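Coordinate inspection notes
What follows is the residue order along each chain.
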Amino acid sequence: MNKDNADISPVDQATKIAQLARYGSGSYLASDVIVLLDIVNKEAIADVPVSQKEALIQNGQRHYSDMLTLESAPTAMHEQLYAQALTQGTQRTATDIANLAYSLHDIFYQSITNKNPLVLISLVRAGLPVGVLLQRALADTNSAYNLPSVHYGISIIRDRGLDPVALKMLLEAYPNSPIVFVDGWTGKGAIYQELASSLASFNHPTDMNFANFFHQGLSVVPLLTLADPAGVAWLAASTDDWLIPSGLLNSTVSGLISRSLYTEPQYGLHRSIFYDNLVEVDQSLAFIDHIDMARQQLTVLPVALATFGQPRYQTAALIDELAIKYDISNRNRIKPTIAEATRAILRRDPECVLLATADHPDTLLLRHLCAQRDINIEVLGVKILPYQAITLIKQRNTTADN
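Figured I'd write up the structure that's included with this text. None of these values were measured; they are calculated from a predicted model. (Residues numbered from 1 in each chain as written. Predicted model: local features only at pLDDT ≥ 70, side-chain atom pairs only at ≥ 80, totals over all residues. Heavy atoms only, no water.)

A word on the side chain of Gln135. Looking at where Gln135 falls in the secondary structure, it is placed in helix α5 (residues 127-138). Leaving out residues up to four positions away in the same chain, Gln135 has contacts with Ser31, Asp32, Leu120, Ser149, Val150 and His151. (Helix = DSSP H or I, 4+ residues; strand = E, 2+ residues; numbered from the N terminus. Contact = heavy atoms within 4.5 Å.)

On inspection of all chains with the given rule, the structure shows three cavities of 30 Å³ or more. By volume, the largest cavity amounts to about 770 Å³. Contributions of two or more residues to the lining of the largest cavity are made by α3 (50-58), β3 (118-124), β4 (149-157), β6 (179-185), α7 (190-199), β7 (223-227), β10 (334-336) and α11 (338-347). Class assignment for the residues of the lining of the largest cavity results in 14 nonpolar, six polar and eleven charged. (1 Å grid on protein atoms, 1.4 Å probe; cavity = no way out; pocket = protein on both sides within 12 Å on 5 of 7 lines; lining within 4 Å. Points joined across faces, edges and corners; volume = space filled by probe spheres on them. Nonpolar A, V, L, I, M, F, W, Y, C, P; charged D, E, K, R; others polar.)

Look at any regular strand and the pattern is simple: side chains alternate between the two faces of the sheet. The element β4 is largely enclosed, with a buried count of nine among its nine residues. Residues Ser149, His151, Gly153, Ser155 and Ile157 line one face of β4 and the alternating positions Val150, Tyr152, Ile154 and Ile156 line the opposite face, and both faces are buried. As paired elements, strand β1 (residues 34-35) and β4 share two bridges and run parallel to each other. Paired with Ile34 across the two strands is Tyr152, which belongs to β4. Across seven bridges, β3 lies against β4 in parallel orientation. Looking at the pairing, Leu123 lines up with Ile154 of β4. Crossover handedness for the path β3 to α5 to β4: right-handed. (Buried < 20%, exposed > 50% of the residue type's maximum accessible area, 1.4 Å probe, protein only. Pairing = 2+ DSSP bridges. Right-handed = clockwise from strand over helix to strand, strands pointing away.)

One number sums up the size of the largest pocket: a volume of about 470 Å³. In this structure, the largest pocket is lined by 26 residues; those nearest its centre are Glu71, Ser72, His78, Asn250 and Leu346. When contributions to the lining of the largest pocket are tallied by element, the ones reaching two or more residues are α3, α11 and α12 (364-373). Residue composition of the lining of the largest pocket, grouped by class: eleven nonpolar, nine polar and six charged. Approximately 250 Å³ is the volume found for the second largest pocket. Together, 14 residues line the second largest pocket, and Lys188, Gly189, Ala190, Gln193 and Arg331 are the ones closest to its centre. Going through the elements one at a time, α7 and α10 (316-325) are the ones with two or more residues in the lining of the second largest pocket. Among the residues forming the lining of the second largest pocket, the class breakdown is four nonpolar, four polar and six charged.

Right, let's get into the pairing of β6. The buried count for β6 comes to seven of seven residues, which makes it a mostly enclosed element. The pairing of β6 with β7 spans four bridges and is classified as parallel. Bridge pairing in β7 links Trp185 to Ala227.

In this section: the packing of aromatic side chains. Summed over all chains, the structure comprises six aromatic pairs. Taking 6.5 Å as the distance between ring centres and 65° as the angle between the ring planes, the aromatic pair formed by Phe108 and Trp234 counts as edge-to-face. Of this pair, Phe108 sits in helix α4 (residues 76-108) while Trp234 sits in the loop between β7 and β8 (235-238), and the two are 126 residues apart along the sequence. Grouped by ring-pair contacts, the aromatic residues Phe181, Phe202 and Phe213 constitute a single cluster. (Phe/Tyr/Trp six-rings, centres within 6.5 Å; stacked < 30°, edge-to-face > 60°.)

The next subject is the nonpolar core. One finds Leu36, Phe181 and Leu199 to be the most contacted residues of the largest nonpolar core, which totals 48 residues. With near-sequence residues (within four places) excluded, Leu36 lies in contact with Leu20, Tyr23, Tyr152, Gly153, Ile154, Asp163, Ala166, Met169, Leu170 and Leu269. Formed by 47 residues, the second largest nonpolar core is a distinct cluster that contains Leu133, Val180, Ile257 and Phe287. (Core = buried A, V, L, I, M, F, W, Y, C linked by side-chain atoms within 4.5 Å.)

Okay, the pattern of salt bridges next. Counted under the stated rule, the structure contains 15 salt bridges. Across the pair Asp32 and Arg136 runs a salt bridge, and its minimum N-O distance is 2.9 Å. On the criterion of sequence distance, the pair formed by Asp32 in the loop between α2 (10-20) and β1 and Arg136 in helix α5 is long-range, its members being 104 residues apart. Take Asp32 and Arg136: they sit in the same class, and that class is buried. Where salt bridges share partners, they join Lys16, Lys168 and Glu172 into one cluster. (Salt bridge = Lys/Arg side-chain N within 4 Å of Asp/Glu carboxyl O.)

Our focus in this paragraph is the packing of α11 against α12. Running from N to C, α11 and α12 cross one another at 25°; their axes reach a closest spacing of 10 Å. Judged on the interaxial angle alone, α12 and α11 are roughly parallel. Here α11 and α12 pass one another in a crossing that is left-handed. In this structure, α11 uses Ala341, Thr342, Ile345 and Leu346 to contact α12, whose residues at the interface are Leu365, Leu366, Leu369, Cys370 and Arg373. A class-by-class count of the residues in the contact of α11 with α12 yields seven nonpolar, one polar and one charged. (Axes fitted to C-alpha atoms, helices over the stretch in contact; angles between N-to-C directions. Parallel < 35°, antiparallel > 145°, perpendicular 65-115°, else oblique. Left-handed = near helix turned anticlockwise from the far one by under 90°.)

What follows concerns unusual backbone geometry. With glycine set apart, most residues show a phi of negative sign, and most peptide bonds adopt trans. In this structure, the amide linkage connecting Val124 to the following residue, Arg125, adopts the cis form with an omega of 10°. Relative to the helices and strands, Arg125 is located in the loop between β3 and α5. Positive phi is not limited to glycine here, since Asp374 has a value of about 55°. Among the structural elements, Asp374 can be located in the loop between α12 and β12 (376-379).

Everything listed here is a matter of coordinates, which is why it stays silent on function.
The structure is reproduced here in structure tokens:
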């Protein structure tokens, strides 16, 4: 690390770490994660209906991170389909987490210490469940991949980047630690691009924080995901588009934390709300405990996964083809992967859903939601692989396609 980092007083560093602990963990345990968000009262946030929000986004009047549609409790059918997905995906999720943890151990065990642990930064919200599972796995002293690590969640917003205030706080608290960013999955690779853009100012060997981020080499953005269909992650358990159980719920599997709202850096951290009204239906800790127990009971030995120095963007041509076919000028209206396609139906105003297979078990909830809302489904077969599902957001009659 840079000498400027090495010279920071241990007392000062301990104080900065202690200051971070005053932030909450949502409905997770404090040992699982600290979420660096400014949690505000939900009564102070305007509840913007989906149709109104969509119009404001598409005509360029408002950015999506300036508005929030408050969540309701999942329906009984939604909960049932999540439970089915959890049953179906438990072993795969547990195995993937074990392999990711083993890979991190293989990469970092010689370079980190209890004093300078690996810093996991989950991208709020989809990264939170994966990051918590990884933190628990790395903390498991009975495993082959026990590793000193700490876990934080911070906001990243498309077009606006990582929360710079939260990032600065972590760099000051852990000046000599490598950082790995954690997300649930990749869709088109937009969040990867946002992450790379946010880190660009550090991407020079003379920068005092260069080694915190670019410990794998110049320009290697250390993004880890459970699934990487877009082919942009540095480390991923697979490139498959599969039914990740945590992708089927929103706040109730993400620590009851809302999607983040943008705050100008001079005013502090990005904001969020805590859905205290959904405590009774919260699945966050139950999901973590269930997968973590399955991981501990695995009998197959973990394996080291491949890492990549550069993004491959293996679906970029497909996204371009879809944009031409459906006359979409803004790629933000294309929501690929089962998880994103499902979330788009729950949070946005969809035009139609594209499926690779008409009756794939992984798209059961998606098809159920389409039937409920009378959303048209097109089955395109291998044309959209590796994606199993893609939601196209409805074009509003506006002057700008934003």
